[in-house]
Amino acid sequence: MTASRIDLNSALDATRTGEIWIFRGHSRADRAIQTLTNSPVNHVGMAVVVDDLPPLMWHAELGKSLQDMWTGNYQRGVQLHDLREAVMQWSNKYEQRCWLRQLSPAVTREQEDALMRTIARMDGTAFPTTAKLTGRWFLGRLPRLRDLSDSGGGPGSAAALETAYCAEVVALTYDDMGLLSGNKKANWFDPGKFWSGDRLPLAPGVSLGDEIAVEVQ
């Protein structure tokens, strides 16, 4: 797809598993997240499109007004939502602008299986407090402190996180699917890492297209 702006129906038809949905708001809380993480955006989720199910979004958020499609519960934290409902909520209720970044090549059946295992492991993980989020983000950028806090390898080594931030959820999932390279820990990632202006350590041969603005009405 080469369009730089499409409507929500077209975006839902076009999105495939692993593709990135990015959001940017202008509320005080949104600006706080953008400032704390030095990021141009404040939320990121990943599309999950499997079999005959409607497109879903895998992400983490504080709200619990949408049903988690994995458990059937209404919960805070790491969640699997109907993608249309999630985008409508983030665009209308939370007043966020929205973009889609498409993944190339398409995920394999093995990567899809890895995704399902990650969802089974992480769904329902609690969302961090602002203090924990800020502290973990700083630890992810200070090598000496980071080494003291976590001596593991890449994002997959942090599978036992007690709490998870939206970018960490996507990073952990990408790592489990073999879409990332390098040894960055989960707390190194923030939503801005998934914006095209940053350097996301994708695996060789994997790419994300430029942002496509999604018009939501």
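Residues numbered from 1 in each chain as written. Predicted model: local features only at pLDDT ≥ 70, side-chain atom pairs only at ≥ 80, totals over all residues. Heavy atoms only, no water.

## Side note on the nonpolar core
Then step 1. Among the nonpolar cores identified, the biggest contains 41 residues, and I20, V48, Y174 and F194 are the most heavily contacted of them.
Then step 2. Mapped by element, the contributors of at least two residues to this core are β2 (20-24), β3 (43-48), β4 (56-61), β5 (77-82), α4 (109-122) and α7 (166-176).
Then step 3. With seven residues, α7 is the largest single contributor of residues to this core.
Then step 4. Beyond its immediate chain neighbours, meaning those up to four positions away, F194 contacts I20, I22, V44, R101, A167, V170, A171, F189, L200 and E211. (Core = buried A, V, L, I, M, F, W, Y, C linked by side-chain atoms within 4.5 Å. Buried < 20%, exposed > 50% of the residue type's maximum accessible area, 1.4 Å probe, protein only. Helix = DSSP H or I, 4+ residues; strand = E, 2+ residues; numbered from the N terminus. Contact = heavy atoms within 4.5 Å.)

## Points about the environment of K64
Then step 1. Position of K64 among the secondary structure elements: in the loop between β4 and β5.
Then step 2. Along the primary structure K64 and G77 are separated by 13 residues, whereas in three dimensions their C-alpha atoms are 8.2 Å apart.

## Digging into the sheet that holds strand β6 (residues 97-101)
Hydrogen bonds between backbone atoms are what pair the strands of a sheet, whose relative direction is either parallel or antiparallel.
Then step 1. With mixed pairing, the seven strands of this open sheet are ordered in space as β1-β9-β6-β2-β3-β4-β5. For this open sheet the edge positions go to β1 (5-7) and β5, each flanked by a neighbour on one side alone. Put simply, the sheet's adjacent strands are angled 30 degrees from each other on average, direction ignored.
Then step 2. Sheet analysis places β2 next to β6, joined by five bridges and oriented antiparallel. Residue pairing for β6: W21 is matched across the bridge by L100.
Then step 3. Packed on one face of the sheet, α4 meets β3, β4 and β5 and runs near 125 degrees to β3.
Then step 4. Where α7 meets the sheet, it contacts β2, β3, β4 and β5, and its direction lies at approximately 40 degrees from that of β3. (Pairing = 2+ DSSP bridges. Axes fitted to C-alpha atoms, helices over the stretch in contact; angles between N-to-C directions.)

## Some remarks on the environment of V48
Then step 1. Within the secondary structure layout, V48 lies in strand β3.
Then step 2. For the pair V48 and T15, spaced 33 residues apart in sequence, the C-alpha separation works out to 8.7 Å.
Then step 3. Apart from residues lying up to four places away in sequence, V48 is in contact with T17, P54, P55, L56, W58, L80, L115, M116 and I119.

## A look at the pairing of β3
Then step 1. For β3, the tally of buried residues reaches six of six residues, placing the bulk of the element in the interior.
Then step 2. Burial of the side chains of β3 extends over both faces: H43, G45 and A47 are buried on one face and V44, M46 and V48 on the other.
Then step 3. Summarising the sheet, β2 and β3 pair through four bridges and their orientation is antiparallel. If you follow I22 over to β3, its bridge partner there is V44.
Then step 4. Both β3 and β4 contribute to a ladder of three bridges, which runs antiparallel. Within β4, the position partnered with A47 by the bridge is M57.

Worth remembering: the numbers are spatial, not functional.
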